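# An overview of the molecular structure
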Amino acid sequence: KLASEAEARQELESRLMEAEQSLVSARSTMASVKEVAAAQAGVAAPSGMEAAMTEAAAARVESASAALIITELEKSRDEARKKVSESGEAIAALEKEIARLNSERNLIKSEAAESASVSASIKSELDAAKAREEALRKDIESKPIIMNQEIVADRAVEKEELSKRIASLEGQLAELGERSANRSLTMVA
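Now for a quick tour of the structure.

Thresholds, definitions, all that
Residues numbered from 1 in each chain as written. Predicted model: local features only at pLDDT ≥ 70, side-chain atom pairs only at ≥ 80, totals over all residues. Heavy atoms only, no water. Core = buried A, V, L, I, M, F, W, Y, C linked by side-chain atoms within 4.5 Å. Buried < 20%, exposed > 50% of the residue type's maximum accessible area, 1.4 Å probe, protein only. Helix = DSSP H or I, 4+ residues; strand = E, 2+ residues; numbered from the N terminus. Contact = heavy atoms within 4.5 Å. Salt bridge = Lys/Arg side-chain N within 4 Å of Asp/Glu carboxyl O.

### Here's the deal with the nonpolar core
One finds Ile122, Leu126, Ala129, Leu136, Leu162, Ile166, Leu169, Leu173 and Leu176 forming the largest nonpolar core, which totals nine residues. Secondary structure elements with two or more residues in this core: α2 (49-142) and α3 (149-188). With five residues, the single largest contributor to this core is α3. With near-sequence residues (within four places) excluded, isoleucine 122 lies in contact with Leu169, Gln172, Leu173 and Leu176. Counting six residues, the second-largest nonpolar core is a separate cluster that includes Leu23, Ala26, Met30 and Ile70.

Printed below as a string of structure tokens:
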């Protein structure tokens, strides 16, 4: 879109230059017509007065025609300048939007990297808690039933705490996964 706006702007600038050149040419033609008409009117002899008046009238008609052309060329030039200005504003707005989108993309990337780091840390802690729970379970199962009741109760409490910690860590991982998915959807939209 930015490229098409830039292309349109170049075309408009080209048309503006052509209009200005045509305007200068038309003005110089009009000036020379006026000079010729004035020179012919001043040089005309009394017997050629009628011919000079006819030529002056033709010069006035030509001058009026040239004035109309000049007016149209000025109008065309002004419209071209306006379109060039609008095109410049559109390009600036698009560049601003691109900068904003790049900024958002960079922010999302940094948040995703941070989230991945936190997720890895939580996963590591979760794996360690699961391993400890498994070790406790095996330890309890390997001991004879006649074990000290106090040790069994302590181990059961520790196992319960590890189970809660595992559930908490799994919840945190799920939450991070949801946030990451939401960011991905936001970036696509």
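That covers the picture; the talk isn't over yet.
### Observations concerning the pattern of salt bridges
Tallied over the entire structure, the rule returns seven salt bridges. As a salt-bridge pair, arginine 132 and glutamate 158 come within 2.7 Å of each other at their nearest N and O atoms. One end of the pair, arginine 132, is in helix α2; the other, glutamate 158, is in helix α3, and 26 residues separate them in sequence. Of the charged contacts in the structure, one is a salt bridge between glutamate 134 and lysine 138, with a shortest N-O distance of 4.0 Å. Taken together, the residues span about one helical turn, with glutamate 134 and lysine 138 both in helix α2 at a distance of four residues. The class for glutamate 134 is partly exposed, based on a relative accessible area of 31%.

From the geometry alone we can't say anything about function, so treat these as descriptive.
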